[in-house]
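Single-letter residue listing:
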Amino acid sequence: MSEDCVFCQIIDGDIPGRTVYEDDDVFAFLDANPLSRGHTLVIPKSHHERVSDLPAGDRAAVFEALGRLAPVVEAAVDADGVTVGMNDGEAAGQEVPHVHGHLVPRFDGDSAGPIHNIFRSTADLSDEELDEVAEDIKTAIGGA
Ligand code: AMP
Ligand code: ZN
């Protein structure tokens, strides 16, 4: 629990939220500014800012809940698909510093497009640069 965290306060019932699911580890409620009908947030009950900060058990619980709830939310609002997404870090657009996964129901013809639409252009990397990036990431993973 973080005193000044809006999501911790929703979990504790100190500020109102439209709760749709709760278990020992995770909590799900409607987004107050929905991108589409049924837009739901899935959060760990413990306060952590980044996905990488989550203890393994919470990480597993959040992703398990996202996977389990996505088709349920989709069916509940009669949607045709779901965008499952996380803004991880301020640079990625994270506004609330408590890990949360977005379940955004998608409807045929809603014209929002794929998550790739966040970027107006692609990175345009040469084959050599891609090889280098892959090596850098592999090395980083090896040392993690
Ligand atoms: P993000 O940009 O990924 O940090 O998204 C934060 C999300 O939390 C936004 O979609 C907000 O609409 C939503 N949000 C912020 N405050 C509340 C609140 N009190 N109840 C429900 N959703 C909220
Ligand atoms: Zn919190």
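This text follows the structure it describes.
Owing to the predicted nature of the structure, the values given are computational and were not obtained by experimental measurement.

Points about the coordination of the zinc ion (ligand 2)
Taken together, the protein donors to the zinc ion (ligand 2) comprise Cys5 (SG), Cys8 (SG), His47 (ND1) and His98 (ND1), at separations of 2.0 to 2.3 Å. Because the angles between the four donor atoms bound to the zinc ion (ligand 2) fall within 106 to 116°, the donor set is best described as tetrahedral. Overall, Cys8 belongs to the buried group, its relative accessible area being 2%.

A closer look at the site of ligand 1
Taken together, 16 residues lie around ligand 1, and Asp31, Asn87, Glu95, His100 and His102 are the ones closest in. In isolation ligand 1 offers 500 Å² of accessible surface; the protein chains occlude 81% of this area. Only α1 (6-11) and β2 (26-30) provide two or more residues apiece to the shell around ligand 1. Ranked by the residues each element gives to the shell around ligand 1, the list is headed by α1, at three residues. Residue composition of the shell around ligand 1, grouped by class: eight nonpolar, six polar and two charged.

Considering the environment of Asp110
Checked against the element boundaries, Asp110 lands in the loop between β5 (101-106) and α3 (127-142). With 74 residues separating them in the primary sequence, Asp110 and Ser36 have C-alpha atoms 9.3 Å apart.

What about the nonpolar core?
Listed in full, the eleven residues of the largest apolar core are Val26, Ala28, Val42, Ala61, Val62, Ala65, Leu66, Leu69, Ala70, Val73 and Leu103. When residues of this core are traced back to their parent elements, those giving at least two are β2 and α2 (56-76). Sort the elements by how many residues they give to this core and α2 lands first, with seven residues. Beyond its immediate sequence surroundings of up to four residues, Leu69 is in contact with Tyr21, Ala28, Val42 and Leu103. Membership of the second largest hydrophobic core comes to ten residues, among which are Cys5, Ile10, Phe29 and Leu41.

Rules used throughout
Going along each chain's sequence as written, the residues are numbered from 1 onward. All chains are assigned letters beginning with A, and all ligands numbers beginning with 1, in the order in which they are written. With the structure being a predicted model, the display of local features is reserved for residues of pLDDT at least 70 and the display and counting of side-chain atom pairs for 80 or more, all residues being used for whole-chain, interface and lining totals. Only hydrogens and water are removed before side-chain values are computed, so all heavy atoms of the structure are retained for them. Donor atoms are limited to N, O and S found within 2.8 Å of the metal ion, a distance that becomes 3.2 Å for Na, K and Ca. With water left out, some sites might look partial. Under this scheme a four-donor centre is tetrahedral when all angles range from 85 to 135 degrees, a four-donor centre is square planar and a six-donor centre octahedral when opposite donors are above 155 degrees with the rest from 65 to 115, and any other centre is irregular. To sort residues, take the accessible area from a 1.4 Å probe on protein chains only and compare it with the maximum for the residue type: under 20% means buried, over 50% means exposed, and anything in between is partly exposed. Note on terminology: near, applied to a residue and a molecule or strand, indicates that one of the residue's heavy atoms is within 4 Å of it. The protein chains shown are the only cover counted for residues, whose accessible areas, like all others here, come from Shrake-Rupley with a 1.4 Å probe. To qualify as a helix, a DSSP run of H or I must reach at least 4 residues; to qualify as a strand, a run of E must reach at least 2; elements of each kind are numbered from the N terminus. Note that Gly is not counted as nonpolar here; it falls among the polar residues with everything else outside the nonpolar set of Ala, Val, Leu, Ile, Met, Phe, Trp, Tyr, Cys and Pro and the charged set of Asp, Glu, Lys and Arg. To qualify as a nonpolar core, a set must consist of buried Ala, Val, Leu, Ile, Met, Phe, Trp, Tyr and Cys residues joined through side-chain atoms within 4.5 Å. Whether two residues touch is decided by their heavy atoms; if any such pair falls within 4.5 Å, the residues are in contact.

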